[in-house]
Amino acid sequence: METIVASDLHLSEVPAADPKRPLWRAFMRREHTPDEAFCAMLDHAERTAEGPIELVLNGDIIDFDNILALPEGDTRPVDWLARLRGLSSEEWMSTFKIDRVIADHPLFFSRLKAFIEDGNRVVFIVGNHDLELLWPSVQDRIRAALDLPARTPTMPGMP
């Protein structure tokens with residue numbers, strides 16, 4: 001089995017351009033996401049590998065800290081600081097944030113799903129920007145996006 005290690009993709013929400021502040025968060029816009037390059041890397045790896053591949057996603061794949069979106073119509077309290085800096089890391093907030101990431105990066109998640117379906121393996125290592133991956137409901141959302149079965153003890157990297 002060959003191993004590939006990738007880190008620091010910092011997938012986050014993909015904001016629309018703000019005409020009043022054209023450079024604000026420009027690094028997060030669609031044209032700057034690593035999705036296409038990541039998919040090309042997996043394509044190359046699968047073409048050239050002599051067997052199954054283990055992909056180690058070695059931290060900061062998701063950047064929960066960069067998500068400023070707030071849930072609309074939710075009755076749970078969102079304090080003034082969250083309105084200014086983004087949601088904290090309570091489980092329901094983290095679930096909202098991973099839903100944003102999954103919705104804004106369909107190419108990444110569909111290619112990762114195909115990679116797993118091709119008989120390869122993915123291991124998530126948690127980094128400082130994606131500590132919220134430790135929440136069970138966040139893991140469930142990722143499993144659903146990848147069309148993986150419910151939590152089992154044999155899935156490395158996700159308890």
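For the structure given in this document, a descriptive report is provided here. Keep in mind it's a predicted model, so treat the numbers as computed, not measured.

Structural notes on the overall build of the protein
Inference 1: A count of helices and strands for the protein gives 5 helices and 3 strands.
Inference 2: The linear arrangement of helices and strands in the protein, starting from the amino end, is β-α-β-α-α-α-β-α.
Inference 3: For a compact globule of 159 residues, the expected C-alpha radius of gyration is about 15 Å, and the protein comes in at 16 Å, within 12% of that figure.
Inference 4: Oriented by its inertia axes, the alpha-carbon framework of the protein measures out at about 50 × 35 × 25 Å.
Inference 5: Going through the 159 residues of the protein one by one, you find that 43% of them count as buried.
Inference 6: Once local pairs closer than 6 in sequence are excluded, the contacts in the protein between residues at least 24 apart make up 71%.
Inference 7: Taken as a whole, the protein presents about 8,900 Å² of accessible surface, with 56% of it coming from carbon and sulfur.

A closer look at the sheet that holds strand S2 (residues 53-58)
Inference 1: The parallel open sheet is built from 3 strands, whose spatial order is S1-S2-S3. The outermost strands of the open sheet, each flanked by one partner alone, are strand S1 (2-6) and strand S3 (121-125). Here the strands of the sheet are splayed against their neighbours by 20° on average, with no regard to which way each runs.
Inference 2: Note: S1 against S2, 5 bridges, orientation parallel. Each residue of the ladder has a partner; that of Ile4, found in S2, is Leu55.

Digging into the pattern of salt bridges
Inference 1: Scanning the entire structure with this criterion turns up 10 salt bridges.
Inference 2: Close ionic contact of Glu54 with Arg121 constitutes a salt bridge, the shortest N to O distance being 3.4 Å. Here Arg121 lies in strand S3 and Glu54 lies in strand S2, a separation of 67 residues in the sequence.
Inference 3: Looking at Glu54, the relative accessible area reads 17%, which means it is buried.
Inference 4: Between Arg141 and Asp99 there is a salt bridge, and its shortest N-O distance comes to 2.9 Å. A residue pair is termed long-range when its members are at least 10 positions apart, and Arg141 in helix H5 (residues 136-145) and Asp99 in helix H3 (residues 91-104) qualify at 42 residues.

Observations regarding the environment of Ala6
Inference 1: Among the secondary structure elements, Ala6 is positioned in strand S1.
Inference 2: Accessibility expressed as a relative area gives 11% for Ala6, which makes it buried.
Inference 3: C-alpha separation for the pair Ala6 and Gly59, spaced 53 residues apart in sequence, amounts to 8.2 Å.
Inference 4: In contact with Ala6, not counting residues within four places along its chain, are Leu55, Val56, Leu57, Asn58 and Ile61.

Brief notes about the packing of aromatic side chains
Inference 1: Going through the model one piece at a time under the given rule, you end up with 2 aromatic pairs.
Inference 2: With a centroid separation of 4.6 Å and an interplanar angle of 40°, the aromatic rings of Phe38 and Phe108 are classed as tilted. On the criterion of sequence distance, the pair formed by Phe38 in helix H1 (residues 35-48) and Phe108 in helix H4 (residues 106-117) is long-range, its members being 70 residues apart. Each member of the pair, Phe38 as well as Phe108, is classed as buried.

Quick word on the nonpolar core
For soluble globular proteins, nonpolar side chains are generally found buried alongside one another.
Inference 1: Judged by nonpolar contacts, the single largest core of 35 residues is most densely connected at Phe38, Leu55, Leu57, Ile62, Ile98, Phe108 and Leu112.
Inference 2: A per-element tally of this core places H3 first, with 6 residues.

Here is what the cut-offs are and how they apply
- Residues numbered from 1 in each chain as written.
- Predicted model: local features only at pLDDT ≥ 70, side-chain atom pairs only at ≥ 80, totals over all residues.
- Heavy atoms only, no water.
- Helix = DSSP H or I, 4+ residues; strand = E, 2+ residues; numbered from the N terminus.
- Rg over C-alpha atoms; globule rule 2.2 N^0.38 Å.
- Buried < 20%, exposed > 50% of the residue type's maximum accessible area, 1.4 Å probe, protein only.
- Contact = heavy atoms within 4.5 Å.
- Areas by Shrake-Rupley, 256 points an atom, 1.4 Å probe, with all protein chains shown as cover.
- Pairing = 2+ DSSP bridges.
- Axes fitted to C-alpha atoms, helices over the stretch in contact; angles between N-to-C directions.
- Salt bridge = Lys/Arg side-chain N within 4 Å of Asp/Glu carboxyl O.
- Phe/Tyr/Trp six-rings, centres within 6.5 Å; stacked < 30°, edge-to-face > 60°.
- Core = buried A, V, L, I, M, F, W, Y, C linked by side-chain atoms within 4.5 Å.

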